[in-house]
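Spelled out, the chains give:
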Amino acid sequence: MTTSGKPPHIAVIGAGIGGLSAALSLRRAGFAVDVYEQAAELTEVGGGINMGPNAARILYRLGLGEGLDRDAVRPVGTHQRRWDDGRTLQKAGLNPQCEALYGAPHLTVHRADLLAIIAAGFPAEHIHLGHRLVGLADGGDHVEAWFDNGARITPDILVGADGIHSAVRTALFGAEEPRFAGCVAYRGLVPAERIADLGLELGNQSWLGPGAHLVHYFVSGGRLLNFVGWTEHDTWNREDWTDRATIARALAAFEGWHPQVRRIIATAETCFIWALFDRDPLPRWSVGRTTLLGDACHPMYPFMAQGAAQAIEDGATLAACLAASSDADPAEALRRYESLRLPRVTRLQEMSRANKARYHMRDGPAQQARDAEYARAGDRSPEALRWLFGFDAGALAPAEPG
Ligand SMILES: Cc1cc2nc3c(=O)[nH]c(=O)nc-3n(C[C@H](O)[C@H](O)[C@H](O)COP(=O)(O)OP(=O)(O)OC[C@H]3O[C@@H](n4cnc5c(N)ncnc54)[C@H](O)[C@@H]3O)c2cc1C
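Right, let's talk about the pattern of salt bridges for a bit. Scanning all chains against the criterion turns up 23 salt bridges. Across the pair Arg 74 and Glu 99 runs a salt bridge, and its minimum N-O distance is 2.9 Å. Of the two residues, Arg 74 is situated in the loop between helix H3 (65–71) and strand E4 (77–82) and Glu 99 in helix H4 (residues 97–102); the sequence distance between them amounts to 25 residues. As a salt-bridge pair, Asp 379 and Arg 358 come within 3.0 Å of each other at their nearest N and O atoms. Taken as a pair, Asp 379 in the loop between helix H11 (365–376) and helix H12 (386–389) and Arg 358 in helix H10 (residues 331–359) lie far apart in primary sequence, 21 residues in all. Looking at Asp 379, the relative accessible area reads 29%, which means it is partly exposed. According to the relative accessible area criterion, Arg 358 is partly exposed, its value standing at 27%. Taken together, the shared-partner salt bridges connect Arg 82, Asp 84, Asp 85, Arg 87 and Asp 363 into one network.

Glancing now at the site of the ligand. By nearness alone, 33 residues border the ligand, and Gly 18, Glu 37, Asn 50, Arg 111 and Asp 295 come closest of all. A distance of 2.7 Å separates an oxygen atom of the ligand from a polar atom in the side chain of Glu 37. Between the ligand and the protein, one listed contact pairs a nitrogen atom with a backbone N or O atom of Gly 307 at 3.2 Å. Protein burial of the ligand: of its 1000 Å² of free accessible surface, 88% is covered by the chains. If you list the elements that add at least two residues to the shell around the ligand, you get helix H1 (17–28), strand E3 (48–51) and helix H9 (307–324). Summarising the domain contributions, the shell around the ligand has at least three residues from each of domain 1 (9–41 + 129–177 + 280–358) and domain 2 (74–107 + 179–278 + 361–393).

As a further point, take the pairing of E3. On E3, burial covers both faces: Gly 48 and Asn 50 on one face and Ile 49 and Met 51 on the other are all buried. Where E3 lies against strand E6 (residues 107–110), 4 bridges are found, and the strand directions are antiparallel. Within the sheet, the bridge partner assigned to Asn 50 lies in E6 and is Thr 108.

Our next topic: helix H8 (residues 259–266). Spacing of three or four residues puts side chains on the same side of an α-helix, whose turn is 3.6 residues. Along H8, the residues classified as buried are Gln 260, Val 261, Ile 264 and Ile 265. Down the axis of H8, the buried set is contained in an arc of 135°. They therefore lie on one face. Each element contacted by the buried residues of H8 is listed here: E4, strand E12 (179–191), strand E13 (204–209), strand E14 (212–219), strand E15 (224–232) and helix H7 (247–253).

On to the sheet that holds strand E2 (residues 32–36). A sheet is described by the order of its strands in space; here 5 strands give the open sequence E7-E2-E1-E11-E18, paired in parallel fashion. Of all strands in the sheet, those bounded by a partner on one side alone are strand E7 (127–128) and strand E18 (290–292). One ladder, built from 5 bridges, connects strand E1 (residues 9–13) with E2; its direction is parallel. Note that in E2 the partner of Val 12 across the bridge is Val 35.

Across the interface, H1 lies against helix H5 (residues 111–120) with an axial gap of 9 Å and an inter-helix angle of 25°. Judged by the angle between their axes, H1 and H5 are roughly parallel. When the axes of H1 and H5 are compared, the crossing they make is left-handed. Counted together, Ile 17, Leu 20, Ser 21 and Leu 24 of H1 and Arg 111, Leu 114, Leu 115, Ile 118 and Ala 119 of H5 form the full contact between these two elements. A class-by-class count of the residues in the contact of H1 with H5 yields 7 nonpolar, 1 polar and 1 charged.

The rules behind the values
Residues numbered from 1 in each chain as written. Predicted model: local features only at pLDDT ≥ 70, side-chain atom pairs only at ≥ 80, totals over all residues. Heavy atoms only, no water. Salt bridge = Lys/Arg side-chain N within 4 Å of Asp/Glu carboxyl O. Helix = DSSP H or I, 4+ residues; strand = E, 2+ residues; numbered from the N terminus. Buried < 20%, exposed > 50% of the residue type's maximum accessible area, 1.4 Å probe, protein only. Near = heavy atom within 4 Å. Polar contact = N/O pair within 3.5 Å; in protein donor to acceptor, adjacent residues only side chain to side chain. Areas by Shrake-Rupley, 256 points an atom, 1.4 Å probe, with all protein chains shown as cover. Domains from an automatic or database assignment. Pairing = 2+ DSSP bridges. Arc of directions from axis to C-beta. Contact = heavy atoms within 4.5 Å. Axes fitted to C-alpha atoms, helices over the stretch in contact; angles between N-to-C directions. Parallel < 35°, antiparallel > 145°, perpendicular 65-115°, else oblique. Left-handed = near helix turned anticlockwise from the far one by under 90°. Nonpolar A, V, L, I, M, F, W, Y, C, P; charged D, E, K, R; others polar.

Laid out in C-alpha cells, this is it:
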C-alpha cells in the first residue's frame, strides 16, 4: 500500500510475452498496473515457442487454462536425431509425464496465440499502445517516464519489459549494443495436412548436424508444424524477425540433411530469416524503484527453449516479492527479486551458450563422445530437468543448485 492507502501503481514498459504476463501476475497480486507498448497493435511474429512446465504452471495459475487448452499443443515427447541418417540420439516422453511430475504440462504454442491468450486475461483499457518510452528519471517517491507521443507518467514502480534493445536498461545502465551470436535461423510454418504422409507424432524433434541444427514441433492445436533451422554465419547486419528468406536458400543451408528435414522446409508456406543477438549477463537489474525483466535484462540463446519461460517466471517472482514487502519503499523488494532470479537465469544463459557448440559439432571424436553421453544419460527428459521444470517461481525459494 502507498501512504494514501491505494495499491501502488506499476507501469510495465513493453507488451511482449514477458511484459503482459508480468502485468497479469502483478494485477493478481493486488497492484494497479498499466502497460505501455510502442507498437500500434499487439503482435508477435516468429512462429512457435516451447513452454516448459515451469512457465506453463504460472500461466495456468493466472487463469489462462482455457485458451492454452484450446490453442497450445501438448507434445507427447522430445526426440533428438542425427542430421543425415536420422539415427536417434535421445528420446524422452514429455506429456503426460510433466503433469504427473510437476503439476503442469509441457506446451508448444504459436507466439501470436500465446500473446493473445495472455492479453485476454488483462483489461484492454490498461494496455496503452503507441507509447514508445524515450526517457525516465528517479523522482524519489515515484518514477517519471515519458514517451515519444508526448505522454508522461509518474508510477510508483516501473518495470522495463522492453526486450533486447531495452530503453529502460539503457536509461539505468547506459547504452551497449547487443552482439551478433554467429547464428541465423530459418523459420517457417507448414500446414499439417501437407506433411500428413510423414506420419509425425504430435511431438518435438530436433536434428543435430555440423554447424547447424533444426527443431520442429506442432502449434495452433496441431494445425501447423513450426520449424526453426539454425546455421552458423560470420557476420550479419540486420536484426529483424521478419526478413523474408527464400525456401531455396533455406534448403541450400540444409543441403545433404535427412529427407524429412528437407521435405519440411520445402513444404513451408513462407520462410523467414532471423539473426541471433546476445548480451552478457548483467550483475544487477534494479535501480531504486525501477527494474527489468525478460530479454531486457537476460536475453539468452534459444537453445534451452527458456527465454520467454524465464520472462514469465520473472513476473511471478516480482509480483510475489512486491506483495510480500510491507515497506512503502519498494527498492528492497526489487533487490530481493533480482537476487532470487539472477542465479537461475545466468545458469540458463550459460547453458544455452554451451548448447550452441554441443548441437553444432562436426562429425568426429567430439561428436561421437557427445552422442555416447546422450545415449548414456539423456539431458532432455522431464526427470533430468527437475531443477528447471520443478521450480516454482512464485514461491520465493532460491533456485535449486542441482
Ligand atoms: C528463434 C527463437 C526461438 C525461441 N524459442 C523459445 C522457446 O521455445 N521457449 C522460450 O521460452 N523462449 C524462446 N525464445 C526466447 C523468447 O522469444 C524471448 O526470450 C521472449 O520473447 C522475450 O520476451 P520479452 O517480453 O522479454 O521481450 P520481447 O518479446 O522482445 O517484447 C518486448 C516488447 O517491448 C516493446 N518495446 C520495446 N521497446 C519499447 C519502448 N521503448 N517503449 C515501449 N515498448 C517497447 C516491443 O515492441 C515488444 O512488444 C526464442 C527466441 C527465438 C529468437
